[in-house]
Amino acid sequence: MRMIVTLTMNPAVDKTAVLDLVELGGTNRLEQIRMDAAGKGINVSRALSSQGVPSLAMGLVAGREGQFIIDELESRGIKTKFTWCRKGHTRVNLKVYEQASGRTTELNEPGPEVGAYELEELWRSLEEVLPHTELLICSGSLPPGAAPSFYRELIDYSHERGVQVFFDASGQALLEGVKAKPYFIKPNQEEAELLLGRGISHPREVKAVREQLDQLAVPVIVLSFGAEGAVFCSQGEELLWAKAEAREVQSSTGCGDALVAAFAAAWSQGKPWAEVVRWSTATGTAAVELPGTSFPDIDQITELVPRVRLESL
């Protein structure tokens, strides 16, 4: 049986601190604190697991923080096959959530620098795994030392082996990876503007750039507009703008990864287009209503589905 594999090149331990309001330059006393195994691909594996969908989590880890990530995932029943870096430590990202304002401030470390040894070991692992893979989900930033062309080379390599690729990155890594024509991408507004070379100020404007999006030759493109929802674009399908209001915003961290996971799960089950869009949107919104980097289960998502509004563009 072929499987879903997630790849996180630059994992993190998310440390979420909760307090009423930050006093800049003063002493702040935290009300809550939690630690989560994170990084975009890891988040996708965790979100899939919350829906009862198994996956194999791969990537690069280092130090005690890397061991924390492996232990956390395996305690949740998620299989892992990580490559160890010989130096440094997996980054720790601090998320400061202010209850009074609903604002989250993020302080993210760059991650350990990787060299030829780590990348060669990772490629060996991928060569072992990809023959048994149905879907590879490449998510997140590249660590220092990895070339911007890494994702493009991996997507090409995966295509040669009949593996579909979901790709979610930013900056130069996104521009390079898209050249290999992955099956799915999820750019936010800024990333979409980078890809298209023009501004997009509102979801309804996506209709005007549909032809440009089609020219990217990526079968599925989900353009995320934050609180304004997302526009779902697929060749041969209706262009849909989907949005659901969150009743209480607890943390926006990982909501995009939850959407990717839900889309992958629904897509692999062969669900109709509108149903895939509703389920994905409901999952992303349900994640916003949860604290820290945590993900909704099927019951929580199902409860939210009726709140999703679709508009044909």
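This section reports on the structure supplied with the text.

Definitions and limits used
Residues numbered from 1 in each chain as written. Predicted model: local features only at pLDDT ≥ 70, side-chain atom pairs only at ≥ 80, totals over all residues. Heavy atoms only, no water. Helix = DSSP H or I, 4+ residues; strand = E, 2+ residues; numbered from the N terminus. Buried < 20%, exposed > 50% of the residue type's maximum accessible area, 1.4 Å probe, protein only. Contact = heavy atoms within 4.5 Å. Areas by Shrake-Rupley, 256 points an atom, 1.4 Å probe, with all protein chains shown as cover. Lys, Arg positive; Asp, Glu negative; His and termini not counted. Charge placed at Lys NZ, Arg CZ, Asp CG, Glu CD. Pairing = 2+ DSSP bridges. Axes fitted to C-alpha atoms, helices over the stretch in contact; angles between N-to-C directions.

**Observations regarding the overall build of the protein**
Point 1. A tally of helices and strands in the protein yields 10 helices and 14 strands.
Point 2. Principal-axis analysis of the C-alpha atoms places the extent of the protein at approximately 50 × 45 × 35 Å.
Point 3. Residue burial in the protein is summarised as follows: out of 313 residues, 54% are buried.
Point 4. Sequence-distant contacts, at least 24 apart, represent 66% of the contacts inside the protein between residues at least 6 apart.
Point 5. Of the accessible surface of the protein, which amounts to about 13,700 Å², a share of 49% is contributed by carbon and sulfur atoms.
Point 6. For the protein, the distance from the average site of its 31 positive side-chain charges to the average site of its 42 negative ones is 1 Å.

**Topic: the sheet that holds strand β2 (residues 12-19)**
Working definition: the strands of a sheet are paired by backbone hydrogen bonds and lie parallel or antiparallel to each other.
Point 1. If you trace the four strands from one edge of the open sheet to the other, you get β3-β2-β6-β7, paired in mixed fashion. If you trace the sheet from one side to the other, it starts and ends with β3 (32-38) and β7 (103-107), each paired once. Strand-to-strand twist across the sheet, computed as the mean angle between neighbouring axes with direction ignored, equals 20°.
Point 2. Bridge count between strand β6 (residues 91-98) and β7: five bridges; the pairing is antiparallel. Across the sheet, the residue bridging to K95 is E106, located in β7.

**Description of the sheet that holds strand β5 (residues 79-84)**
Point 1. Spatially, 10 strands are ordered β5-β4-β1-β8-β9-β10-β11-β12-β13-β14 in an open sheet, and the strand pairing comes out mixed. Edge positions in the sheet fall to β5 and β14 (309-312), since each of these pairs with one other strand and no more.
Point 2. Where strand β9 (residues 164-168) and strand β10 (residues 184-185) come together, two bridges link them in parallel fashion. Directly across from F166, in β10, lies its bridge partner F184.
Point 3. Sheet strands in contact with helix α1 (residues 40-50) are β1 (3-8), β4 (56-61), β5, β8 (133-139) and β9, and its direction is about 145° off that of β1.

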